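# A look at the structure
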Amino acid sequence: MSTEVVYSIADLRIRLAEMRAGGSLIGLVPTMGALHEGHLRLMERARDANRTVVVSIFVNPAQFNEPLDYERYPRSFEDDMEICESADVDFIFAPPIEEMYPDEAFTSISVAKITEQLCGSSRLGHFDGVALVVLKLLHIVQPDRVYFGEKDAQQLAMIQRMVLDLNVPVEVVPVPTVRDEDGVAFSSRNQLLSGSDRAKAAAIHRSLQAAAAAVDGGAKEAAAVKRAAAAVLDAEPAIRVEYLEVVDPVTMQPVARIDGPVRVALAVWLGGVRLIDNVLAGKA
Ligand code: AMP
């Protein structure tokens with residue numbers, strides 16, 4: 001079956017009801033398009049486990065706190081269709097904005113604690129916007145499984161908690177971060193980097209590896225782990241650190257002492273582009 005593009009919620013519901021009636025399990029991969037190898041891995045995981053795979057492509061205005069950031073977010077629908085076709089995706093759900101937000105939403109979805117630090121500190125309203133659109137997509141598609149990348153670890157933790165708290169009948173499947181040869185995590189925003197900044201971005205993953213090595217080497221103080229990462233980033237003057245934290249992987253709360261697995265997470269600015277990345281470190 002080739003990939004079918006569906007623009008309306010009503011049409012998608014009809015098509016998916018047919019699939020479900022035929023006994024298909026449905027896997028959903030929510031994206032904002034500008035698809036790359038990270039997204040592709042999520043699609044492959046969905047393809048392996050479900051008879052019907054839906055990729056949503058929707059640049060969600062509700063999760064952008066800067067209008068300019070929304071405007072310049074990369075969009076490449078023709079290429080995205082080809083990638084979905086090559087990944088044997090059954091349906092692309094690409095709703096226009098009016099389809100998802102025909103009216104101002106009076107309902108907000110806010111997951112406390114997990115969203116309060118890290119990206120939540122600088123991107124006000126961002127996570128509420130993500131939670132709202134993901135819950136809408138889960139209600140529209142009603143998938144058996146939904147796939148999220150660990151690249152956006154705070155988002156993943158938030159969705160896992162929302163699904164738990166609200167008894168949403170879906171399995172959330174985390175997918176490890178896919179990286180380029182130099183360690184840079186694939187991201188739609190990488191397209192916005194100049195060639196020389198793209199090369200400098202390799203320091204981001206190197207810094208996280210240094211942090212993970214400190215944890216593996218027995219560091220018990222988060223401050224020491226942060227220093228190991230910061231030393232690598234400081235050597236690259238083009239990079240400005242917005243945050244660098246050692247957090248509990250489930251609650252995303254900063255920890256001072258390391259007694260189990262932790263996530264080292266950061267956001268940096270490079271050439272006017274904001275990039276995030278993280279690694280899981282330490283043993284359970
Ligand atoms: P986005 O289109 O950036 O909203 O991302 C859609 C999904 O792809 C999210 O679940 C992301 O976490 C995931 N994703 C983005 N980049 C990567 C990557 N490099 N590796 C794994 N998953 C990713």
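Each remark here, short or long, concerns the structure printed above.
Read on for an overview of the structure. Bear in mind the structure is a predicted one, so any value in this text is a computation, not a measurement. Note on numbering: residues in each chain are counted from 1, in written sequence order. Only residues with pLDDT of at least 70 are given local features in this predicted model, and only at 80 or more are side-chain atom pairs given and counted; all residues enter the totals for whole chains, interfaces and linings. Calculated side-chain values reflect all of the structure's heavy atoms, with hydrogen atoms and water omitted.

Along the backbone of the chain there are 11 helices and nine strands. Overall size of the chain, expressed as C-alpha extent along the three principal axes, is 55 × 40 × 40 Å. When accessible area is computed with a 1.4 Å probe and restricted to protein chains, residues below 20% of their type maximum are described as buried, those above 50% as exposed, and intermediate ones as partly exposed. By the burial criterion, 53% of the 284 residues in the chain qualify as buried. Excluding contacts between residues fewer than 6 apart, the proportion of contacts in the chain whose partners are at least 24 apart in sequence is 74%. Areas reported as accessible are Shrake-Rupley estimates using a 1.4 Å probe. Residue values count occlusion only from the protein chains shown. Of the roughly 13,100 Å² of accessible surface on the chain, a fraction of 52% belongs to carbon and sulfur atoms. Numbered from the N terminus, helices here are DSSP runs of H or I no shorter than four residues, and strands are runs of E no shorter than two. Residues are treated as being in contact if the distance between any of their heavy atoms lies within 4.5 Å.

This part covers the sheet that holds strand E2 (residues 26-31). Two strands form a pair only when DSSP identifies at least two bridges running between them. Spatial strand order, E1-E4-E3-E2-E5-E6: six strands in an open sheet with parallel pairing. The open sheet terminates on both sides in strands that have one partner only, identified here as strand E1 (4-6) and strand E6 (171-175). Along the sheet, successive strands turn relative to each other by an average axial angle of 25°, direction set aside. Across two bridges, E2 lies against strand E5 (residues 145-149) in parallel orientation. Across the sheet, the residue bridging to Leu-28 is Val-146, located in E5. Most of the contacts of helix H2 (residues 37-49) go to E5, to which it runs at about 155°, and overall it touches E2, strand E3 (52-57), E5 and E6. Convention adopted: a line fitted to C-alpha atoms gives each axis, helices being fitted over their contacting stretch, and angles between N-to-C directions are expressed from 0 to 180 degrees. Together, E2, E3, strand E4 (91-93) and E5 form the strand contacts of helix H7 (residues 126-141), whose direction differs from that of E2 by roughly 150°.

Read from one edge to the other, the open sheet built from three strands follows the order E7-E8-E9, with strand pairing classed as antiparallel. On the outer flanks of this sheet lie strand E7 (239-247) and strand E9 (273-281), each paired with one strand and no other. Neighbour to neighbour, the strand axes of the sheet diverge by 15° on average, direction disregarded. Both strand E8 (residues 262-270) and E9 contribute to a ladder of nine bridges, which runs antiparallel. Bridge assignment links Ala-267 to a residue of E9, and that residue is Ile-276. Each of E7, E8 and E9 is contacted by helix H10 (residues 202-216), which is oriented at about 25° to E9, the strand it contacts most.

The next subject is helix H8 (residues 153-165). Helix length check: H8, at 13 residues, gives a terminal C-alpha distance of 18 Å against a target of 18 Å (1.5 Å per residue), a fit within 8%. Along H8, the residues that are buried comprise Ala-153, Gln-154, Gln-155, Leu-156, Ala-157, Met-158, Ile-159, Met-162 and Val-163. Looking at the buried side of H8, the elements it contacts are helix H6 (119-122), H7, E5, E6, E8 and E9. One or two steps after H8, the chain reaches Asn-167, where phi turns positive at roughly 50°. To estimate the expected span of a helix, subtract one from its residue number and multiply by 1.5 Å.

Let us look at the pairing of E8. For E8, the buried fraction is high: eight of the nine residues fall into the buried class. As paired strands, E7 and E8 are joined by eight bridges and run antiparallel to one another. The residue of E8 that forms the bridge with Ile-239 is Leu-270. Counting the residues that bridge the hairpin from E8 to E9 gives two residues, and of these Gly-271 lies at a positive phi of roughly 55°.

Let us look at unusual backbone geometry. The phi angle at Leu-118 is positive, at roughly 50°, despite the residue not being glycine. Within the secondary structure, Leu-118 is located in the loop between helix H5 (97-100) and H6. Classification of Leu-118 as buried rests on a relative accessible area of 6%.

To continue, consider the pattern of salt bridges. Whenever a carboxyl oxygen of Asp or Glu lies within 4 Å of a side-chain nitrogen of Lys or Arg, that contact is scored as a salt bridge. On inspection of all chains with the given rule, the structure shows 16 salt bridges. A salt bridge links Asp-69 to Arg-189, with the shortest nitrogen-to-oxygen separation between them at 2.8 Å. Within this pair, whereas Asp-69 is found in helix H3 (residues 67-71), its partner Arg-189 is found in the loop between E6 and helix H9 (195-200), the two being separated by 120 residues in sequence. Between Arg-198 and Asp-180 there is a salt bridge; the shortest N-O distance is 3.1 Å. With Arg-198 in helix H9 and Asp-180 in the loop between E6 and H9, this residue pair connects regions lying 18 residues apart in the sequence. Classification of Asp-180 by relative accessible area gives partly exposed; the value is 31%. Residues joined by salt bridges that share partners form a network here, namely Glu-4, Arg-15 and Glu-18.

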